[in-house]
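Each chain, letter by letter, is given below.
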Amino acid sequence: MSKLQRCWPSRRSIHCSKRLLATHSDSTHHSKASGDISSVFPSLQEGVTAQPLPARFAEVKKRLIEGHEEQVRESWHRLLAELRKETEIIKALGSNVIPEIAFKDMHNLEKRTKFRDELRERGIAVIRGVVPEREALGWKELLRRYIRDNPSTKGFPPENPAVYELYWSPSQVLARAHPNLLRTQAFLMSHWHSANKFAHISTSHPLSYADRLRIRRPGDTGFTLGPHVDSGSCERWEENGYGKGGVYNDIFQGNWEAYDPWESSCRLPVVSDLYNGAGGCSVFRMFQGWLSLSSTGAGEGTLMVNPLFGRATAYYLLRPFFRARKCRADVASAFLESSNWDLEDETSSALQGAVPSNCQELNDTLHPHLELESTMVPVPEVRPGDYVAWHCDRTPASDYPSGIGESQHLGRLTTDFVMKNIDTEAQQAMGLAKYDDARNGLQDRERQTLRRANEILGFC
């Protein structure tokens, strides 16, 4: 199975645009260490054991729910009941719970409306036929030649790479520049909204965010990524992380049902990479996704996702505040019952699955009510040219560290070639061309955002 993996952020507010192109304005970030995909996952780091978090995290937890303890307790019990109900739905539907739409139907009102409702509920989607199959297969062959011609390319696992430290191969650049892909990204971004009408953000101008490449060889069972969430871990609970935008305030105040994962303005001030990890990312990515270059289905190394979406987010955020009264060995099947769980007697520093400078990992031991063995389902079978995308509170992908990377690789596309062979919209998405901030039809906040982007990119 071959996939081109990539993510894209939205156009951002002024200070967030600075973070995208340089460093956080709130912390001093130095050059990232060189690494591979294991840099993001503690579970892939051989010989590394997670250490208890510093005591300050107990204070962070206390402040988050202070004055709302009873509301949080009640909301937890409501959440567990909702998880049980939703888990049964997912068990029954399997992959059919994941919404799909054909690229050619994106502007069909009836199909688009149905897709919109399902996407907002599940946070994951398949868009069929974004790129013609023959073109996608051509990129796959070009990619194989590029890897063959550059044997020094790093990958993981080192002895039999499945994920390559490639971000700018000709195939990846051409895929990102494809007009159908850019239209698909803008279509998906349109499902976000902003509660702040003055927020400097545009959902009409996707940016290309370079990500790794995965090639899974037939029969390869040696590399898998467990359930996880990108864009920080501990930062989700910290005041100077996601707390800067109050992204999860409703959840921490005992009203998880009011949490809106599709509201964008609260995410603009967020600092999601407080610890400058080798695989950390400071960019607000509305979605992440990959473009398939081959046919692959369940059991063949495809993406597994958790369609619990917002409920799963509420669960892993509230989980650190609760403990089981009795362990599984003592109460067997009653272990998951709501009556067996209550707020911690003494607040601990534990943030289950969160390790500074890594992603948020989930597992059955730490997050038992998610029933991950049942609720992690494979995406429906994909063919070359199909696109899979997921909300930023959901599953895989990561930022790339520094180092020489591909700077010495043979067969790289030249700047001259790129500028002559991709259209203006694609050049803008890669930060290579000026946005038309005087164009008719732009909202004022879009115009200001594009104007500021042009200044940062040096086009003014």
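These numbers come from a predicted model, not from an experiment. Residue positions are given per chain, counted from 1 along the sequence in the order it is written. The model is predicted, so local features are restricted to residues of pLDDT at least 70 and side-chain atom pairs to those at 80 or more, both for listing and for counting; the totals for chains, interfaces and linings are taken over all residues. Water and hydrogen atoms were dropped before computing side-chain values, which therefore reflect all heavy atoms in the structure.

1. Side note on helix H7 (residues 179–189)
Definition in use: Using a 1.4 Å probe on the protein chains alone, a residue whose accessible area is under 20% of its type maximum counts as buried, one over 50% counts as exposed, and one in between counts as partly exposed. Under the scheme used here, helices are H or I runs from DSSP no shorter than 4 residues and strands are E runs no shorter than 2 residues, and both carry numbers assigned from the N terminus.
With nine of its 11 residues buried, H7 lies for the most part within the structure. Taken residue by residue, H7 has Asn180, Leu181, Leu182, Thr184, Gln185, Ala186, Phe187, Leu188 and Met189 as its buried positions.

2. Re unusual backbone geometry
Of note, the amide linkage connecting Phe156 to Pro157 takes the cis form, showing an omega dihedral of -5 degrees. Following the sequence through the fold, Pro157 ends up in the loop between strand S4 (155–156) and strand S5 (163–164). Phi is positive for Ser357, which is not a glycine, with a value near 75 degrees. Among the structural elements, Ser357 can be located in the loop between strand S11 (341–343) and strand S12 (360–361). Ser357 sits in the partly exposed class, given a relative accessible area of 26%.

3. Structural notes on the packing of helix H6 (residues 170–177) against H7
Each pair of packed helices gets described by two things: the angle between the helix axes and the distance between those axes. Let me state the cut-off plainly: Axes, fitted as lines to C-alpha atoms, cover a helix only where it is in contact. Angles between the N-to-C directions of the axes lie from 0 to 180 degrees. Roughly parallel means an angle under 35 degrees; roughly antiparallel, over 145; roughly perpendicular, 65 to 115; everything else is oblique. Only heavy atoms matter for contacts: two residues are in contact if any of them lie within 4.5 Å across the pair. Following the grouping adopted for this structure description, the nonpolar residues are Ala, Val, Leu, Ile, Met, Phe, Trp, Tyr, Cys and Pro, the charged ones are Asp, Glu, Lys and Arg, and the polar ones are all others, Gly among them.
Interhelical geometry of H6 versus H7 gives an angle of 55 degrees and a closest axis separation of 5 Å. One element, H6, and the other, H7, form an angle in the oblique class. Contacts between H6 and H7 involve Ala175, Arg176 and Ala177 from the first element and Pro179, Leu181 and Leu182 from the second. Looking at the contact of H6 with H7, its residues break down into five nonpolar, no polar and one charged.

4. Some thoughts on the pairing of strand S3 (residues 124–128)
Spelled out, the test is: Being paired, for any two strands, means DSSP has found at least two bridges between them. The handedness of a crossover follows from its direction of travel: if, with the strands pointing away from the viewer, the path from the first strand over the helix to the second runs clockwise, the crossover is right-handed.
Burial analysis of S3 places four of its five residues in the buried class, which makes it a mostly covered element. The sheet contact formed by strand S2 (residues 100–102) and S3 spans three bridges and is parallel. When the bridges of S3 are listed, Ile101 appears paired with Ile127. Following the chain from S2 across helix H4 (residues 109–122) to the adjacent parallel S3, one finds a crossover that is right-handed. Sheet topology note: the S3/strand S14 (residues 387–391) ladder contains four bridges and is antiparallel. The partner of Ala125 across the bridge, within S14, is Ala389.

5. Side note on the packing of aromatic side chains
This is how the line gets drawn: Here the aromatic set is Phe, Tyr and Trp, taking the six-membered ring for Trp, and pairing holds for ring centres within 6.5 Å; pairs whose planes are under 30 degrees apart are stacked, those over 60 apart are edge-to-face, and all others are tilted. Charge-over-ring contacts are defined here by two conditions on Lys NZ or Arg CZ: a distance within 6 Å of the ring centre and an angle within 35 degrees of the ring normal.
Summed over the entire model, instances satisfying the criterion amount to 12 aromatic pairs. Between Trp76 and Phe322 the ring centres are 4.3 Å apart and the planes differ by 10 degrees, which places this aromatic pair in the stacked class. You can see Trp76 sitting in helix H3 (residues 69–93) and its partner Phe322 sitting in strand S10 (residues 322–324), a full 246 residues away along the chain. Here Trp76 matches Phe322 in class, with each residue buried. On the basis of an interplanar angle of 70 degrees and a centroid distance of 5.4 Å, the ring pair of Phe335 and Trp341 is categorised as edge-to-face. The same class applies to Phe335 as to Trp341, namely buried. Ring pairs connect the aromatic residues Trp76, Tyr315, Phe322, Phe335 and Trp341, which therefore count as one cluster. Positioned over the ring face of Phe57 is Arg56, at 4.2 Å from the centre of the ring. Positioned above the aromatic ring of Trp168 is the side chain of Arg176, whose terminal nitrogen or guanidinium carbon lies 5.0 Å from the ring centre.

6. Section: the pairing of strand S8 (residues 287–292)
Within S8, six of the six residues are buried, leaving the element largely enclosed by the surrounding structure. Burial along S8 is two-sided: the face carrying Phe287, Gly289 and Leu291 and the face carrying Gln288, Trp290 and Ser292 are both buried. Strand direction decides the pairing type here: S8 and S14, joined by five bridges, are antiparallel. Within the sheet, the bridge partner assigned to Gly289 lies in S14 and is Ala389.

7. What to know about the state of the cysteines
In a disulfide, the sulfur atoms of two cysteines are covalently bonded to one another. For clarity, the cut-off: Only a pair of cysteine sulfur atoms within 2.5 Å qualifies as a disulfide here.
As enumerated under the stated definition, the model contains zero disulfides in all. No disulfide involves Cys266; its nearest neighbouring cysteine sulfur is the one of Cys392, lying 9.4 Å away. Residue classification places Cys266 among the buried positions, given a relative accessible area of 15%.

8. Observations regarding H4
Quick note on the threshold: Expected helix span is given by 1.5 Å per residue-to-residue step, counting one fewer step than there are residues. The arc refers to the directions leading from the helix axis to the C-beta atoms. Here a polar contact is taken to be a pair of N or O atoms separated by no more than 3.5 Å, where protein atoms must pair a possible hydrogen donor with a possible acceptor and residues adjacent in sequence count only if both atoms sit in side chains.
With 14 residues, H4 extends 20 Å between its outermost C-alpha atoms, agreeing within 8% with the 20 Å of an ideal straight helix rising 1.5 Å per residue. Taken residue by residue, H4 has Phe115, Leu119 and Arg122 as its buried positions. The arc that holds every buried residue of H4, seen down its axis, measures 75 degrees, which confines them to one face. Facing away from the buried side of H4 by more than 90 degrees, the exposed set consists of Leu109, Glu110 and Lys114. On its buried side, H4 packs onto H3, S2, S3, H7, S8 and helix H9 (310–318). The N-cap residue of H4 is Asn108: its side-chain oxygen and the backbone nitrogen of Glu110 are 3.2 Å apart. Of the residues one or two after H4, Gly123 is the one with positive phi, at around 75 degrees.

9. Looking at the packing of H3 against H9
Basically, it comes down to this: Two helices that cross are described as forming a left-handed crossing if the nearer one is turned anticlockwise from the farther one by less than a right angle, and a right-handed crossing if clockwise.
Where H3 contacts H9, the two axes come as close as 10 Å, and the packing angle between them is 135 degrees. Classed by the angle they form, the pair H3 and H9 counts as oblique. Judged by the sense of rotation from one axis to the other, the crossing of H3 with H9 is left-handed. Across the interface between the two elements, Val72, Ser75, Trp76, Leu79, Leu80, Glu82, Leu83 and Glu86 from H3 touch Arg311, Ala314, Tyr315 and Leu318 from H9. Grouping the amino acids of the contact of H3 with H9 by side-chain chemistry returns eight nonpolar, one polar and three charged.

10. Quick notes on the nonpolar core
Cut-off, in case you're wondering: In these notes, a set of buried Ala, Val, Leu, Ile, Met, Phe, Trp, Tyr and Cys residues joined through side-chain atoms within 4.5 Å is what counts as a nonpolar core.
Counting 54 residues, the largest nonpolar core has Trp237, Phe321 and Val388 as its most contacted members. Elements with a minimum of two residues in this core: helix H2 (56–65), H3, S3, helix H8 (249–252), H9, S11 and S14. Not counting chain neighbours up to four residues away, the residues in contact with Phe321 comprise Lys61, Leu64, Ile65, Trp237, Phe252, Asp342, Leu343 and Glu344.

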